[in-house]
Amino acid sequence: MSAAVPSRAGPDEGRASLAPYLLSLPAFLLFVGIVFIPIVMTVLLSFHDWGQYKGIEPVFILKNWREVWSDGYFHEMFARTFRIAVAVTLLSAALGAPEAYILNRMRSPWRGIFLLVILGPLLISVVARTLGWALLFGGNSGVVNKALMSLGVISGPIPFMFTETGVIVALTHVLMPYMVLSVWAALQRLDPQVENAAASLGASQLTILRRIVLPQVTPGVLSGAIIVFALAASAFATPAIIGGRRLKVASTLAYDEFLNTLNWPLGAAVATLLLIALIVIIVGSNRLVERRYGEKLR
Amino acid sequence: MPFLFLDRLTKHFGAHVAVDGLSLAVEQGEFVALLGPSGCGKTTTLQMIAGFAAPTSGAITLEGKDLLAVRPSQRGLGIVFQSYALFPHMTAAENVAFGLEMQGVGRDERLKRVTETLALVGLSAFAERYPRKMSGGQQQRVALARALVIRPRILLLDEPLSNLDAKLREEMQIELRQIQRTVGTTTILVTHDQAEAMALSDRIVVMNQGRVEQIGPPHETYERPATPFVASFLGKTNQLEAEISGDGGGAVLRGEGPGASWPVAPHFSGRVVLSVRPEKIGFGPAADGGLPGTVRTRIFQGNHWLYQIDTAGGVVTVIRQNSGESMPAEGEAVSLVWNAADMSVRAGGASA
């Protein structure tokens, strides 16, 4: 009796196990077509040769990689890219986590209104948003700089356009929603009675935040940080407009190599290196989060 | 002065009156249950004692001192929440130790008391487990230990057993009662489960729509419900409309056919409502002057039989112990008898 069961279940199981693969085949083909193949081609391109007059030669050399590896110019680009990404991530965690906590405690009409305010930057075109920042801070005639100068707080205008500060501020503004939503999701899984429970045991409001709420939303902060970091490090439009040609990051550098210098293989090497660095950092920190919090909070 | 005194406690939520002039005196060491349907104000009352809701008017005093002037974190009350509200990122032992840490109890003393309390609730082997890896019953015990370890002046239990399955709930009822007896902490239980309230408490406060319907020991409240609401909420009851007959002053069941009559107190007249508990009704010989009826349905429930009997006064529910004797079958004619002492009478018209 028991021996008959597996032999009868065999073909059924075979068909059942095939179905998920067949169902995901269209999406898989699309993924291969528009993500996987272009990436493979970009990686291959980075090993090709390029000359001012001869154009791209389909050979396999390490010239571009050697150049990226040894030239201080590229080191500076990548260092700046990750410096900006880290600063944006820290800023959005420092501002976004409390923002999510306050948002979570708001009552019905206000919560919706402020959620819209927070999501606002995502709904506005990057050009309009960046020009807005330029109007506020840019040059001597920026509203904020003018106000601060006439109040005597600062003697000269705070440089905003074409500076790292400017890029960091503008990127934090647009990437903050990802952090807020991620922390908010973690907060909503929190039992609302937990804070009352801690209070009844004699904990002050600050202790409740530090010992009870924060540890439980930390996975949310960390996953938000991963999203923000990845988007900040690979952001193109904001650094391109505010950073301009003077303050390049990895993505604008790759763009310039492709479209201005026309050195596609070198641009491909820069793009590939950015991709690899991001994957290593994201997978690594994800592992860390899972190992640290997997057992407790899942 | 009683240990805990709620004085005309009232809470409004906008136009809605959640708690309406509730007064209650609780003695030290007593186990009091606030019992009522959802929305009766029992949880709001508990939250006002805990300090999570501020009363609109009224006062709460604990050991003669105004409790409302004290912040929730300084009240020194142990609370077991319906959802348990354990700290998921801490082990059972860390959960229990949290309150002691907040009180500034030293490390050695803390360890000793946590170990003791976990032993009290039978969780010594689970000290290092995270709540998520524990069963509902175990989480419940951790919540209880966490509330008890701070040696609270009052233990507040908010529907503590409602998330457990029936069998476990019964076990926990017995255990909870034993633990409360052992530590002697004054306890207030909020529940909608009348069986739980009766099993655990010294006194029951039956609440309905923000008001107290009756306060009394479980047995007394069950046997002599003060209001129709208490009678129907605390266990099942049959309500029969009757009329006081002129001759002899007894109550005669209204309706067609031969009525049965029971002696009632002389001050009743006109229409009355008789309440009698299903388990107080017996089957008598058909000719013996009881309330005649026909068995509509008969349900076997293991330790007892549940009957629905069609009578002239309406459908009457009867519960009989399963003593192994043969019982009337469906469709059989029976006569229902009960002692006049087991019946309560109140004046009432057709609308009552």
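Caption draft 1: Here's a closer look at the pairing of strand β10 (residues 211-216) of chain B. Residues and elements named next belong to chain B. Note that strand β9 (residues 203-208) and β10 share five bridges and pair antiparallel. Looking at the pairing, Val 205 lines up with Ile 215 of β10. Two successive antiparallel strands, β9 and β10, enclose a turn made up of two residues, where Gln 209 displays a positive phi of approximately 50 degrees.

Caption draft 2: Spatial organisation of the interface of chain B and chain A. On the chain A side, the residues contacting the 22 residues of chain B number 20 residues. Here chain B packs against chain A, burying approximately 2100 Å² in sum over the two surfaces, 63% of which is carbon and sulfur. On the surface where chain B and chain A come into contact, there are one salt bridge. Here Glu 101 of chain B and Arg 211 of chain A are joined by a salt bridge, their closest N and O atoms 2.9 Å apart.

Caption draft 3: Quick peek at the layout of surface pockets. Residue and element names in this part refer to chain A. Empty space within the largest pocket amounts to approximately 700 Å³. Arg 105, Pro 192, Glu 195, Asn 196 and Gln 205 are, among the 22 residues lining the largest pocket, the residues nearest its centre. Among the secondary structure elements, those contributing two or more residues to the lining of the largest pocket are α3 (72-105), α7 (164-188), α8 (193-200) and α9 (205-234). Of the residues contributing to the lining of the largest pocket, the split by class is nine nonpolar, eight polar and five charged.

Caption draft 4: Inspection of the sheet that holds β10 of chain B at higher detail. Residues and elements named next belong to chain B. Taken in spatial order, the six strands line up as β6-β7-β8-β3-β9-β10 in an open sheet, and their pairing is mixed. Edge positions in the sheet fall to β6 (77-80) and β10, since each has one partner strand and no second. Neighbour-to-neighbour, the strand axes of the sheet open up by a mean angle of 15 degrees, direction not taken into account. Across five bridges, the pairing between strand β7 (residues 154-158) and strand β8 (residues 186-191) is parallel. The partner of Leu 155 across the bridge, within β8, is Thr 187. Its contacts with the sheet place helix α4 (residues 136-148) against β6 and β7, and it is angled at close to 170 degrees to β6.

Caption draft 5: A look at helix α5 (residues 166-183) of chain B. Residues and elements named next belong to chain B. Under the 1.5 Å per step criterion, the end-to-end length of α5 is 26 Å for 18 residues, consistent within 8% with the ideal 26 Å. Buried within α5 are the following residues: Met 172, Gln 173, Leu 176, Arg 177, Ile 179 and Gln 180. Axial view of α5: buried residues confined to an arc of 165 degrees, hence all on one face. Of the exposed residues in α5, those oriented more than 90 degrees away from the buried face are Lys 167, Glu 170, Ile 174, Gln 178, Arg 181 and Thr 182. Against β3 (31-35), α3 (107-120), α4, β7, β8 and α6 (194-200) lie the buried residues of α5. Immediately downstream of α5, the backbone of Gly 184 shows phi near 70 degrees, a positive value.

Scoring rules and cut-offs
- Residues numbered from 1 in each chain as written.
- Chains lettered and ligands numbered in written order.
- Predicted model: local features only at pLDDT ≥ 70, side-chain atom pairs only at ≥ 80, totals over all residues.
- Heavy atoms only, no water.
- Pairing = 2+ DSSP bridges.
- Helix = DSSP H or I, 4+ residues; strand = E, 2+ residues; numbered from the N terminus.
- Contact = heavy atoms within 4.5 Å.
- Buried area = accessible area lost by both parts, 1.4 Å probe.
- Salt bridge = Lys/Arg side-chain N within 4 Å of Asp/Glu carboxyl O.
- 1 Å grid on protein atoms, 1.4 Å probe; cavity = no way out; pocket = protein on both sides within 12 Å on 5 of 7 lines; lining within 4 Å.
- Points joined across faces, edges and corners; volume = space filled by probe spheres on them.
- Nonpolar A, V, L, I, M, F, W, Y, C, P; charged D, E, K, R; others polar.
- Axes fitted to C-alpha atoms, helices over the stretch in contact; angles between N-to-C directions.
- Expected span 1.5 Å × (residues − 1).
- Buried < 20%, exposed > 50% of the residue type's maximum accessible area, 1.4 Å probe, protein only.
- Arc of directions from axis to C-beta.

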